[in-house]
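The lines below spell out each chain.
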Amino acid sequence: MLRKSAERNRATNRRQALACAHGTYNLVSGLWPIVHLRSFERVFGPKADEWLVHTVAGLLAVIGCSQIRGTASVEGQDIARRLGIGTSATLLAIDLIYVPKGRLSKMYLLDAVVEAAWITAWLRTPRGSRS
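Criteria and cut-off values
- Residues numbered from 1 in each chain as written.
- Predicted model: local features only at pLDDT ≥ 70, side-chain atom pairs only at ≥ 80, totals over all residues.
- Heavy atoms only, no water.
- Helix = DSSP H or I, 4+ residues; strand = E, 2+ residues; numbered from the N terminus.
- Buried < 20%, exposed > 50% of the residue type's maximum accessible area, 1.4 Å probe, protein only.
- Contact = heavy atoms within 4.5 Å.
- Areas by Shrake-Rupley, 256 points an atom, 1.4 Å probe, with all protein chains shown as cover.
- Lys, Arg positive; Asp, Glu negative; His and termini not counted.
- Charge placed at Lys NZ, Arg CZ, Asp CG, Glu CD.
- Core = buried A, V, L, I, M, F, W, Y, C linked by side-chain atoms within 4.5 Å.
- Expected span 1.5 Å × (residues − 1).
- Arc of directions from axis to C-beta.
- Axes fitted to C-alpha atoms, helices over the stretch in contact; angles between N-to-C directions.
- Parallel < 35°, antiparallel > 145°, perpendicular 65-115°, else oblique.
- Left-handed = near helix turned anticlockwise from the far one by under 90°.
- Nonpolar A, V, L, I, M, F, W, Y, C, P; charged D, E, K, R; others polar.
- Polar contact = N/O pair within 3.5 Å; in protein donor to acceptor, adjacent residues only side chain to side chain.

A tally of helices and strands in the protein chain yields 5 helices and 0 strands. Shown N-terminal to C-terminal, the secondary structure of the protein chain runs as helices and strands in the order α-α-α-α-α. For the C-alpha atoms alone, the extent of the protein chain along its principal axes is close to 60 × 30 × 20 Å. Put simply, the protein chain has 131 residues, and 35% of those count as buried. Considering only contacts in the protein chain between residues 6 or more positions apart, those separated by 24 or more positions represent 70%. When the accessible area of the protein chain is evaluated, it comes to approximately 8,300 Å², of which 64% is carbon and sulfur surface. Charged side chains in the protein chain number 18 positive and 9 negative. The centres of these two groups are separated by 9 Å.

Our focus in this paragraph is the nonpolar core. Counting residues in each nonpolar core, the largest one holds 7 residues, listed as L37, F40, F44, V53, V99, L104 and Y108. The element best represented in this core is helix 2 (residues 37–44), accounting for 3 residues. For Y108, the residues in contact, after removing those within four places along its chain, are F40, F44, K47, D95 and V99. Core analysis: the second largest hydrophobic core is formed by 6 residues, A19, A80, W118 and W122 among them.

This paragraph deals with helix 3 (residues 50–69). Look at helix 3: 29 Å from first C-alpha to last across 20 residues, which is about the 28 Å you get at 1.5 Å a residue. When we look at burial in helix 3, the residues that qualify are V53, A57, L60, A61, I63, G64 and Q67. For helix 3, the angular spread of the buried residues around the axis is 165°, confining them to a single face. In helix 3, the exposed positions angled more than 90 degrees off the buried face are occupied by W51, L59, V62 and R69.

Before going further, it helps to spend a moment on the packing of helix 3 against helix 4 (residues 74–98). Working note: a packed helix pair is described by the angle between its axes plus the distance between those axes. For the pair helix 3 and helix 4, the least separation of the axes is 9 Å and the interaxial angle reads 150°. It follows that helix 3 is roughly antiparallel to helix 4 by the angle criterion. Between helix 3 and helix 4 the crossing geometry is left-handed. Note on element contacts: helix 4 touches helix 3 through A80, L83, G84, T87 and L91, opposite L60, I63, S66 and Q67. Residue classes in the contact of helix 3 with helix 4 are distributed as 5 nonpolar, 4 polar and no charged.

Moving on: the environment of T71. Tracing the backbone shows T71 in the loop between helix 3 and helix 4. Between the C-alpha atom of T71 and that of N13, which follows or precedes it by 58 residues, the distance is 9.1 Å. Once you skip the residues sitting within four places of it in the chain, T71 turns out to touch Q16, A19, C20 and Q77. A polar side-chain atom of T71 sits 3.0 Å from the main-chain carbonyl oxygen of I68.

Shown next, in the form of structure tokens:
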């Protein structure tokens, strides 16, 4: 019984840490182009539609905040997991579709690696509930 409890605690701690880390990454990634678009464009290339960059950035920041807040409960951790996998899968797909077409800078391939790593981390972390 104590062993199962210790395993559950380790799994909970891992989910909390992952939700916090991924949420922080998404929050910072979202805030960067909002706070300093010029440095963002220096790294990822010029953007034709500033409003679109700010829209995606705002959504990433909100997702990151939701993931961070989700650390407090098992249900919140499950929501953070779904948000994390869904967001990373979407960004990964965009990277892999539009870099080869020349619409996005090759720097987005680095983002693709990071997004794939987040998906892998979530898939290797046990769920908190059976939902």
